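Report on the structure
So the chains spell out like this:
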Amino acid sequence: MIDHNKKPRFIKPPNKLKMKVGTGGIEERLLDDAQTYIQQTKIDFKPIAENLLKDVMNALQAARNAKQEHEKKVAADNLAGAIMQLKANGGMFNYQLISEIAALALHFLENSKINPDALQVIDVHAKTIHIILHHNLKGDGGKEGYALVKELEKACERYFSKHKE
Amino acid sequence: MAYDLTTTKILIVDDMAPMLTLCKSILSIFGFKNVYLAHNGEEALEMTIRHDPDLIITDWMMAPMDGLQFTKEVRKNPLCPNPYVPIIMMTGFSSKLRVEAARDCGITEFLVKPFTSRDLYNRIVQIIERPRQFVDASDFFGPDRRRRVIKDYQGPQRRDDDDSKQEATKEQKSASDILKKLRDEAQNLSKK
């Protein structure tokens, strides 16, 4: 049981980490090496992303089928979780465009109410990610990636203009 | 003179094996020698009790125990040897609500995925050089969610300087600009 009368106490724990590591930071060269390692990682993200995308599609379907408010909430949480995984990991494994599109979808989801139109917009994002994976568009996706983002922009603009009124 | 990271024990928790591998490699390049890996909160709790890590880096969404629950356990479970151990939450979530929820569970720092090696390093430096005091209150035990301002602080700055925000190439930037504009529109929509 929470004791609401308890007065907050401030504690300054010993800085064990500082005592262990000392001073001076780490060399710039090592930061560069680590970044190069990330950029040149051989880990194949495509099969992982395909599975994550399946999770997104399943969550989308569950969201479409949700009738009660609590079902919609659970569906929205699951959908946000699945999209977040694509956003988080895409950029770590050289699929920056997937990460950016998933970030937009996540932002959209966290700022919108679940309705058929909003789910359709999320669906367009998921399909764009599917195309990126199908064509193996790594990094920013180059010209094809840019074209896809422009298409996505049109789809979102249609939603925005409809829902601004 | 540089940090001596050879005796520091660090625990990484993530349900995605490739992410664990990547993080372990980055930390090894930094100079960490004792890196422990766990695939979920439950496994991480067991390893925390057994190894008493000096620093924990954990993902958010995992089963059977997620990163938030794991953090609460570390702070409150009497079996955990060090309730003050610094915890970095690394996740793809970045909204204010999510960050606050993580802070309320007792995390020390928040690291948004995807991140660069420097982003991760900056969080570690924050923890070493600017540790947060702890608050023990009726409904919260964890690092103080406000940070003290140190006037003569010489270390790296946070958030705005994060490399992941600065490394976009020119082409990427044009696509990014469109995506940013759409994000802003979605944000505006939610305010109406």
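Keep in mind the model is a prediction, meaning the values are calculated, not measured.

Looking only at helices and strands, chain B has six helices and seven strands in total. At a minimum sequence separation of 6, the contacts of chain B that also span at least 24 residues come to 60%.

Another point: the sheet that holds strand β6 (residues 134-136) of chain B. Strands sit in the order β1(A)-β6(B)-β7(B) across an open sheet of three strands; the sheet is antiparallel. Here the strands that pair on one side only, and so sit at the sheet edges, are β1 (9-11) of chain A together with β7 (141-143) of chain B. Ignoring which end each strand starts from, the neighbouring axes of this sheet average 25° apart. For β1(A) and β6(B), the ladder comprises three bridges, and the chain directions are antiparallel. Within β6(B), the residue paired with R9(A) across the bridge is D136(B).

Right, let's get into the pairing of strand β5 (residues 109-112) of chain B. Residues and elements named next belong to chain B. As paired strands, strand β4 (residues 87-91) and β5 are joined by four bridges and run parallel to one another. The partner of M89 across the bridge, within β5, is F110. The parallel pair β4 and β5, bridged by helix α4 (residues 96-105), forms a crossover whose chirality is right-handed.

On to unusual backbone geometry. The omega torsion of the bond from A63(B) to P64(B) falls at 5°, within 30 degrees of zero and hence cis. In this fold, P64(B) is placed in the loop between β3 (55-58) and α3 (67-76). Its identity as a non-glycine residue notwithstanding, N94(A) has a phi of 70°, on the positive side. On the secondary structure map, N94(A) appears in the loop between α4 (69-90) and α5 (96-110). Accessibility expressed as a C-beta count within 10 Å gives 18 for N94(A), which makes it partly exposed. One non-glycine residue, D52(B), adopts positive backbone phi at about 50°. Looking at the secondary structure, you find D52(B) in the loop between α2 (41-51) and β3.

Residues and elements named next belong to chain A. Tracing the backbone through its elements, the reader meets I132 in helix α6 (residues 116-134). With 45 residues separating them along the chain, I132 and K87 place their C-alpha atoms 14 Å apart. Not counting residues within four places of it along the chain, the set of residues in contact with I132 comprises L97, I98, L137, G141, G145 and L148.

What follows concerns the interface of chain B and chain A. If you look at the interface, chain B gives 59 residues, while chain A gives 63 residues. Secondary structure elements with two or more residues in the side of chain B that touches chain A: α1 (17-30), α5 (117-129), β6 and α6 (170-191) of chain B. At 14 residues, α6(B) tops the list of elements feeding residues into the side of chain B that touches chain A. Here the side of chain B that touches chain A is built from residues that sort into 31 nonpolar, 18 polar and ten charged.

Our focus in this paragraph is the sheet that holds β3(B). All names here are of chain B. Reading across the sheet, the five strands line up as β2-β1-β3-β4-β5 and stay open at both edges, with parallel pairing between neighbours. Where the open sheet ends on each side, the last strands, each with one partner, are β2 (34-38) and β5. Looking at each pair of strands side by side, their axes are set apart by 20° on average, direction ignored. Note that strand β1 (residues 9-13) and β2 share five bridges and pair parallel. Bridged to K9 within β2 is N34.

All names here are of chain A. Relative to the elements of secondary structure, D117 occurs in helix α6. You can call D117 partly exposed: it has 13 C-beta atoms within 10 Å. D117 sits 17 residues away from H134 along the chain, and the two C-alpha atoms are 26 Å apart. With residues up to four places along the chain from it excluded, the contact list for D117 reads Y159 and K162.

It is worth spelling out α4(B) at this point. All names here are of chain B. Here α4 has its buried residues at R98, A102 and C105. Angularly, the buried residues of α4 cover 60° about the axis, an arc narrow enough to put them on a single face. Every exposed residue of α4 that faces more than 90 degrees away from the buried side is listed here: K96, L97 and E100. Check the buried side of α4 and you find it contacts α3, β4 and β5.

Rules and cut-offs
- Residues numbered from 1 in each chain as written.
- Chains lettered and ligands numbered in written order.
- Predicted model: local features only at pLDDT ≥ 70, side-chain atom pairs only at ≥ 80, totals over all residues.
- Helix = DSSP H or I, 4+ residues; strand = E, 2+ residues; numbered from the N terminus.
- Contact = placed C-beta atoms within 7 Å.
- Pairing = 2+ DSSP bridges.
- Axes fitted to C-alpha atoms, helices over the stretch in contact; angles between N-to-C directions.
- Right-handed = clockwise from strand over helix to strand, strands pointing away.
- Buried ≥ 20, exposed ≤ 12 C-beta atoms within 10 Å, placed from the backbone.
- Nonpolar A, V, L, I, M, F, W, Y, C, P; charged D, E, K, R; others polar.
- Arc of directions from axis to C-beta.

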